Amino acid sequence: MTSVGHLMQRRCLFHLRKMKTSVPSQKRLFSTTKFCRTIMPAWVIDKYGSNDVLRFTKNASFPIINYPNEVIVKVFAAGLNPLDVSMRGGYGAATLSMKRDPLSIKQSGSEFPLILGRDMSGVIMECGLDVKYFSERDEVWAAIPPWKQGSLAEFVVLSANEISHKPKCLSHIEAAAVPYVATTAWSALVNTGGLTKDSCAKKRILILGGSGGVGTFAIQMLKAWGAHVTVTCSQNAERFVRDLGADHVVDYTAGPVEEPLRALEKFDLILDNIGGDTERWALKLLKPWSGAKYVTLVTPFLQNTDRLGIADGMLQTAATVATKALKCS
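Only a predicted model underlies this, so the values are computations on that prediction, with no experimental measurement involved.

1. Some details on the sheet that holds strand β5 (residues 139-143)
Phase 1: The antiparallel open sheet is built from 5 strands, whose spatial order is β6-β3-β4-β5-β7. The open sheet has two free edges, formed respectively by β6 (155-159) and β7 (163-165), since each of these has just one partner strand. For this sheet, the mean angle separating the axes of adjacent strands, direction not counted, is 45°.
Phase 2: In this structure, strand β3 (residues 70-79) lies alongside strand β4 (residues 119-127), joined through 8 bridges in antiparallel fashion. By the bridge assignment, I72 is partnered in β4 with E126.

2. Regarding unusual backbone geometry
Phase 1: Cis geometry is found at the peptide bond from F112 to P113, where omega equals -5°.
Phase 2: When you line up the elements, P113 lands in the loop between α4 (93-100) and β4.
Phase 3: Positive phi outside glycine occurs at R137, with the angle close to 80°.
Phase 4: Assignment of secondary structure puts R137 in the loop between β4 and β5.
Phase 5: Taking the relative accessible area as the measure of exposure, R137 reaches 74% and is therefore exposed.
Phase 6: Its identity is not glycine, yet K202 carries a phi of approximately 70°, on the positive side.
Phase 7: Inspection of the secondary structure puts K202 in the loop between α6 (179-192) and β8 (204-208).

3. Remarks on the sheet that holds β8
Phase 1: The 5 strands lie next to each other as β10-β9-β8-β11-β12, forming an open sheet whose pairing is parallel. In this open sheet, the two strands that pair with only one neighbour each are β10 (248-251) and β12 (293-296). Each strand axis lies, on average, 15° off the axis of its neighbour in the sheet, ignoring direction.
Phase 2: Strand direction decides the pairing type here: strand β9 (residues 228-233) and β10, joined by 4 bridges, are parallel. Across the sheet, the residue bridging to C233 is D251, located in β10.

4. A short note on the nonpolar core
Phase 1: Core analysis: the biggest nonpolar cluster contains 26 residues, and L189, I207, L222, V231 and L271 have the highest contact counts within it.
Phase 2: Counting residues per element, the ones that place at least two in this core are α6, β8, α7 (213-224), β9 and β11 (269-272).
Phase 3: Once residues lying within four places of it in the same chain are set aside, the contact partners of L189 are G194, L195, A218, M221, L222, L269 and L271.

5. Notes on α4
Phase 1: Turning to α4, its buried residues are A93, T95 and L96. Take α4 and look down its axis: the buried residues cluster within an arc of 165°, on one side only.

6. Considerations on the pairing of β9
Phase 1: For β9, a buried count of 5 out of 6 residues is recorded, marking the element as mostly surrounded by other parts of the structure.
Phase 2: Pairing geometry for β8 and β9, over 5 bridges, is parallel. Pairing of L208 across the sheet is with T232, part of β9.
Phase 3: Note on the crossover from β9 through helix α8 (residues 238-244) to β10: the handedness is right-handed.

7. Details of the packing of aromatic side chains
Note on aromatic pairs: each is described by the distance of the centres and the angle between the planes.
Phase 1: Tallied over the full model, the rule gives 4 aromatic pairs.
Phase 2: Ring geometry for F62 versus F155: centroids 4.9 Å apart, planes at 50°, classification tilted. Of this pair, F62 sits in the loop between β2 (54-61) and β3 while F155 sits in strand β6, and the two are 93 residues apart along the sequence.
Phase 3: The buried category is assigned to F62, whose relative accessible area is 7%.

8. What about α6?
Since there are 3.6 residues in each turn of an α-helix, residues three or four apart along the chain are aligned in direction.
Phase 1: If you check α6, its first and last C-alpha atoms are 18 Å apart, about what 14 residues at 1.5 Å a residue would give, namely 20 Å.
Phase 2: As for α6, its buried residues are in contact with β4, β5, α5 (172-175), α7, β11 and β12.
Phase 3: Following α6 by one or two positions, G194 adopts a phi angle in the positive range, close to 75°.

Conventions adopted
Residues numbered from 1 in each chain as written. Predicted model: local features only at pLDDT ≥ 70, side-chain atom pairs only at ≥ 80, totals over all residues. Heavy atoms only, no water. Pairing = 2+ DSSP bridges. Helix = DSSP H or I, 4+ residues; strand = E, 2+ residues; numbered from the N terminus. Axes fitted to C-alpha atoms, helices over the stretch in contact; angles between N-to-C directions. Buried < 20%, exposed > 50% of the residue type's maximum accessible area, 1.4 Å probe, protein only. Core = buried A, V, L, I, M, F, W, Y, C linked by side-chain atoms within 4.5 Å. Contact = heavy atoms within 4.5 Å. Arc of directions from axis to C-beta. Right-handed = clockwise from strand over helix to strand, strands pointing away. Phe/Tyr/Trp six-rings, centres within 6.5 Å; stacked < 30°, edge-to-face > 60°. Expected span 1.5 Å × (residues − 1).

And the structure:
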């Protein structure tokens, strides 16, 4: 342990002795966090299921810094995403357990009590020794990886490369609504779809389910880059997406949405926020033999691994992707 760690340890032990409280030897040896607190308020789940499994507790384990590139952040605002709802029900449990424990050392269910919440805005309370670009009291925001404990708690531990300085023009509440959906939209359009601000002009893009978080960010990005954007949404959201810049809107509540879409000019890229049955007809809306792409946010990989296990799930996903590739060609 570093000299700083020993100093913080002595401070904690001093206060604990004054309160005549004993400290388990294991915690004294391995905890590198200077705070003496051991518990905090949080929303947790103890098993996967419906909303009934959510439980508020004041006795969640206080997070500690285990690696020198980590920080402890006090959460000022947290955001909820559809992924959190899916994870509450067990979506991706098999794959995420493998990520948390790649050597399968821990017992099944060791992730519980699990704290959900991917979006966070807050203030750094402590920095690890190798953290260079952040300091205590810095305001930061983050999209927390799904295999880590989430933001529905008073504090969270993150590595320094998972956080950024919060824009000063945004409040904590506003900032907590941005990171996950914004980075998801960017990843779908740029990393997977191959679009850039220089290659997007005059391309025809279809966003299925465009009034949600990812869709609204995608519309604004694509319009800023000069693309023509068609969106499907409910009639109630039509004015909203048009104000964001959508060129053409199809109301999915008026009847089978594929029929009016087939009457339009074909698309260079489809961003599917819905999944399920949409893949059956959406692939036919792409421009043939032009490098057009279909990007879905509802990947079959996690569902396949949850249902079939890691190995068989990967094989099933590969077969599904290969079939889609043949249909697109």
